[in-house]
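So you can see what is in the structure, the chains are spelled out below.
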Amino acid sequence: MGLDKKKIKEINNDFEQEVYEILLKIDRNVEFFDVEVHYHRKKISIGGNIRYTDFEIFFENDGKKYLLVLECKDYADASGSLVKELEHFANIIKKIKTDHPEHIVKSIFLVCLKSKEDIPPSVSNEAAKSGIQCYGKLLIDQFKEAIDSLSPGIAFMEFIKSYFDIEVLFDPDTISLKCMKNNNFGKPTYTFSMSAYNLIRIAYVNRANINKIPLNKAYQRAIKRKRLDEISKFVKEQKSRSNIEIFPNNIVANFRGDIKFIPDNNENEDSGHIEFQNRYGAIEIIDGQHRAYSFCKIEDEIFKKRYNFIVTAYSDINSSQQAEIFYTINDKQEGINADLIMFILAQLQENSKGYAAKIVLDIDKEGLFTKPIKKGFEENEKGAWLKLSTLVHTLTEEGLINYEKSSGGLLQKDKDDDKTPFIILREYINYLQRHFRSDWEQGKNGIVQNNQGLAIMLIVLKNIIETKVKTKEDDLDRITEKMFEYYLGSIDIKRIKKLLEKDLGDIRSRSDRKEAARQIWNEIK
């Protein structure tokens, strides 16, 4: 039956109304399988009190029945009653699970705070204890954007995979394609032709977002609706002009899960067939999401089934490796922001750059810098000048942070130690701010808070550490303001300016920074 429009009168706040209108777009409107949405369907008695579920979403796949329950709360601020409401919701979910053992029950507690503050830890902690996911209004905003940009079906499959790890399986359950096996970046790759219709049904994209929804392993940029429309228009024009239907470029992807490559014969082991599951998420798009999803805007199903993409796919490479490939491709083609890549790696924390980026971002939260560090989300970074990528490259290239080496970098007691480098770097930056106050206040026009200038001072810190630290376990704890004063206290900013052979604006490379740091260190020691 789905959403009963008569019940719209029961909606008692703007947030519920907004969620209702968004879910109306998927109710009996998902193109790949049946999805039903209900509002105030279930009346539940708990402790003598009658309560209703806000929204219930029903669907079936692969012989399993699913029930997603969404609770919406609209508050002026994060009051203590939120925890109480969450406790009530947790009891409702327990009751539903007991009453409906035939369903796999999942739940989300959605909170819209008019004060724009974050959901308080007390609410998040209570949600975690109850096994309930708790998010702010951003989740529903992003879901609406996905529905409008892609399609109800693609958006819904992305939603249930991202938040509940539910992957839709299609019939037949296996895809078999003619394939060539090759090697790229030292990894085996598989190149094959696949219809746009099948690709957009099974492809998943890990998108990075500066906001606070913790989508693990996300590295891709948000979908741009304008770009989708432009590509879709181009494809439609090509389709109408010619039978050739030219559409340049291909898709770079990663298989997630089991694949089977079957060579055609023993003489040519690189040519054969590849078999993999016909399920949403079987392929993760590394590069080409806009090209692929532009076909969501094409209504001609026959054309979508006839048009083939050339896909080159890796197999089960991790998210950091995918992000590096994404960066390599786009750095040459579109000039993707290097700070965005470092922000992405900070979320993944799978290599030295990721750990270094996470530490720098944690320091940035302390509010030490005049402007927040640039993270690659340009619309939010007007006037910022310190680049996350420059600082991360300096910390890793100079060996201050090293996740790959068991003993860690110069600032770490071991490779898993992110506390010690955070403490030392925070203390060091605090010292630079106090000791060179007038220069610090000049921001990017000074030296020590200039992007290249701060990187140079980090190399100076490396020299201090190498000079003073003999046994990391004990000596790293002694790296304090007193030590910085011992080495830097006698040097002023005028002397540093004289020592720099190049203006900071002319310093571009690592070798330039190292040479500038060497001049300063020779003066100090």
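Residues numbered from 1 in each chain as written. Predicted model: local features only at pLDDT ≥ 70, side-chain atom pairs only at ≥ 80, totals over all residues. Heavy atoms only, no water.

Enquirer: Please explain the overall build of the protein as it appears in this structure.
Expert: For the protein, the helix and strand inventory stands at 20 helices and 15 strands. For the protein, long-range pairs separated by at least 24 residues make up 69% of all intrachain contacts whose partners lie at least 6 apart in sequence. Approximately 25000 Å² of the protein is accessible, and the part contributed by carbon and sulfur atoms is 45%. (Helix = DSSP H or I, 4+ residues; strand = E, 2+ residues; numbered from the N terminus. Contact = heavy atoms within 4.5 Å. Areas by Shrake-Rupley, 256 points an atom, 1.4 Å probe, with all protein chains shown as cover.)

Enquirer: Hey, could you run me through empty space enclosed by the protein in this one?
Expert: The probe, sized like a water molecule, is rolled over the atoms to show the empty space still left. Taken as a whole and assessed by the stated rule, the structure comprises 3 cavities of 30 Å³ or more. Considering only enclosed or pocket space, the second largest cavity measures out at about 80 Å³ in volume. Val360, Ile363, Phe369, Ile373, Leu391, Leu395, Leu425, Ile429, Leu454 and Leu458 together form the lining of the second largest cavity. Looking at the lining of the second largest cavity, the elements with two or more residues in it are α12 (352–364), α13 (388–397), α14 (419–435) and α16 (451–468). Residues that form the lining of the second largest cavity fall into these classes: 10 nonpolar, no polar and no charged. (1 Å grid on protein atoms, 1.4 Å probe; cavity = no way out; pocket = protein on both sides within 12 Å on 5 of 7 lines; lining within 4 Å. Points joined across faces, edges and corners; volume = space filled by probe spheres on them. Nonpolar A, V, L, I, M, F, W, Y, C, P; charged D, E, K, R; others polar.)

Enquirer: Looking at this structure, I do not really get the sheet that holds strand β6 (residues 103–113). What am I missing?
Expert: Note: strands within a sheet are paired through backbone hydrogen bonds, in either parallel or antiparallel orientation. One open sheet holds the 5 strands; their spatial order is β1-β4-β5-β6-β7, and the pairing between them is mixed. Each edge of the open sheet carries a strand with a single partner, namely β1 (35–39) and β7 (133–136). Between one strand axis and the next, the sheet turns through 20 degrees on average, direction left out of account. By the bridge criterion, 7 bridges tie strand β4 (residues 55–61) to strand β5 (residues 64–75) in an arrangement that is antiparallel. Paired with Ile57 across the two strands is Leu68, which belongs to β5. Lying on the sheet, helix α1 (residues 14–23) is in contact with β1, β4, β5 and β6; it crosses β5 at an angle near 150 degrees. (Pairing = 2+ DSSP bridges. Axes fitted to C-alpha atoms, helices over the stretch in contact; angles between N-to-C directions.)

Enquirer: Whenever I open this one, the packing of aromatic side chains confuses me. Can you help?
Expert: Where two aromatic rings form a pair, the distance of their centres and the angle of their planes describe that pair. By the definition in use, this model includes 30 aromatic pairs. Each ring, one from Phe32 and one from Phe170, has its centre 5.8 Å from the other, and the planes form 80 degrees; the classification is edge-to-face. Taken together, the positions of Phe32 in the loop between α1 and β1 and Phe170 in strand β8 (residues 169–184) put the pair 138 residues apart, joining distant regions of the chain. You can call Phe170 buried: its relative accessible area is 8%. Where Tyr307 meets Phe309, the ring centres are 5.3 Å apart and the plane angle is 80 degrees; that geometry is what we call edge-to-face. Of the two residues, Tyr307 and Phe309, both sit in the buried class. Among the aromatic residues, those joined into a cluster by ring pairs are Tyr135, Phe143, Phe159, Tyr163 and Phe164. Between Arg201 and the ring centre of Phe170, over which it is positioned, the NZ or CZ distance is 4.2 Å. The ring of Tyr197 carries the charged tip of Lys305 above its face, separated from the ring centre by 4.7 Å. (Phe/Tyr/Trp six-rings, centres within 6.5 Å; stacked < 30°, edge-to-face > 60°. Buried < 20%, exposed > 50% of the residue type's maximum accessible area, 1.4 Å probe, protein only. Lys NZ or Arg CZ within 6 Å of the ring centre and 35° of its normal.)

Enquirer: Can you help me understand α14 in this one?
Expert: In an α-helix, one turn spans 3.6 residues; hence positions three or four apart end up facing the same way. Taking 1.5 Å of rise per residue, 17 residues should cover 24 Å, and α14 covers 24 Å from first to last C-alpha, within 8% of that figure. Along α14, the residues that are buried comprise Thr420, Pro421, Phe422, Ile424, Leu425, Tyr428, Ile429, Asn430, Tyr431 and Leu432. Buried residues in α14 make contact with α12, α13, α15 (437–440), α16 and α18 (481–488). (Expected span 1.5 Å × (residues − 1).)

Enquirer: Where do I start with the confidence of the model for the protein in this structure?
Expert: Taken as a whole, the protein shows an average pLDDT of 82; of its residues, 81% reach a score of 70 or greater. Scored below 50 in pLDDT, residues 209–220 shows 46 contacts in the model against residues more than four places distant or in partner chains. Note on residues 242–246: pLDDT is under 50 here. Beyond four places in sequence and across chains, it has 7 contacts. (pLDDT = per-residue confidence, 0-100.)

Enquirer: What is the right way to look at the packing of α14 against α18 in this model?
Expert: For any two helices packed against each other, the geometry is given by the interaxial angle and the distance between the axes. Following both chains from N to C, one finds α14 and α18 inclined at 50 degrees, their axes separated by 10 Å at the closest point. The pairing of α14 with α18 is recorded here as oblique in orientation. The two elements α14 and α18 meet at a crossing, and its hand is right-handed. In this structure, α14 uses Ile424, Glu427, Tyr428, Tyr431, Leu432, Arg434 and His435 to contact α18, whose residues at the interface are Glu481, Phe484, Glu485 and Leu488. Partitioning the contact of α14 with α18 into residue classes produces 6 nonpolar, 1 polar and 4 charged. (Parallel < 35°, antiparallel > 145°, perpendicular 65-115°, else oblique. Left-handed = near helix turned anticlockwise from the far one by under 90°.)

Enquirer: What should I look at first to understand the state of the cysteines in this one?
Expert: What is meant by a disulfide is a covalent connection between two cysteines, made through their sulfur atoms. Summed over the entire model, instances satisfying the criterion amount to 0 disulfides. Here Cys72 stays unpaired: no disulfide links it, and the sulfur of Cys112, its closest cysteine neighbor, is 9.5 Å away. Judged by relative accessible area, which is 2%, Cys72 ranks as buried. (Disulfide = S-S within 2.5 Å.)

Enquirer: Can you help me understand the side chain of Lys304 in this one?
Expert: Looking at the element boundaries, Lys304 is found in helix α9 (residues 301–306). With relative accessibility at 8%, the residue Lys304 sits in the buried group. Among the polar contacts made by the side chain of Lys304, one reaches the main-chain carbonyl oxygen of Ile298 at a distance of 3.1 Å. (Polar contact = N/O pair within 3.5 Å; in protein donor to acceptor, adjacent residues only side chain to side chain.)

Enquirer: In this structure, what is going on with the packing of helix α2 (residues 81–99) against helix α3 (residues 121–130)? I would like to understand it.
Expert: Running from amino to carboxyl end, α2 crosses α3 at an angle of 15 degrees, the nearest separation of the two axes being 9 Å. Taken together, the axes of α2 and α3 are roughly parallel relative to one another. The hand of the α2/α3 crossing is right-handed. Side by side, α2 and α3 meet where Leu82, Val83, Leu86, Glu87 and Ala90 of the first sit next to Ser122, Val123, Glu126, Ala127 and Ser130 of the second. For the contact of α2 with α3, the residue count by class is 6 nonpolar, 2 polar and 2 charged.

Enquirer: Even after reading the chapter, I still don't get helix α20 (residues 510–524), so can you show me in this structure?
Expert: If you check α20, its first and last C-alpha atoms are 21 Å apart, about what 15 residues at 1.5 Å a residue would give, namely 21 Å. Taken as a whole, α20 has its buried residues at Asp512, Arg513, Ala516, Ala517, Gln519, Ile520, Trp521 and Ile524. Summarising the contacts, the buried residues of α20 are in contact with α13, α16, α18 and α19 (493–499).

Enquirer: I would appreciate a short explanation of the pattern of salt bridges in the present structure.
Expert: Under the criterion given, the structure shown has 33 salt bridges. Here Glu398 ties to Arg510 by a salt bridge, and the two come within 3.1 Å at their closest N and O atoms. Linking Glu398 in the loop between α13 and α14 with Arg510 in helix α20, this pair joins segments that are 112 residues apart in sequence. Judged by relative accessible area, which is 5%, Glu398 ranks as buried. (Salt bridge = Lys/Arg side-chain N within 4 Å of Asp/Glu carboxyl O.)

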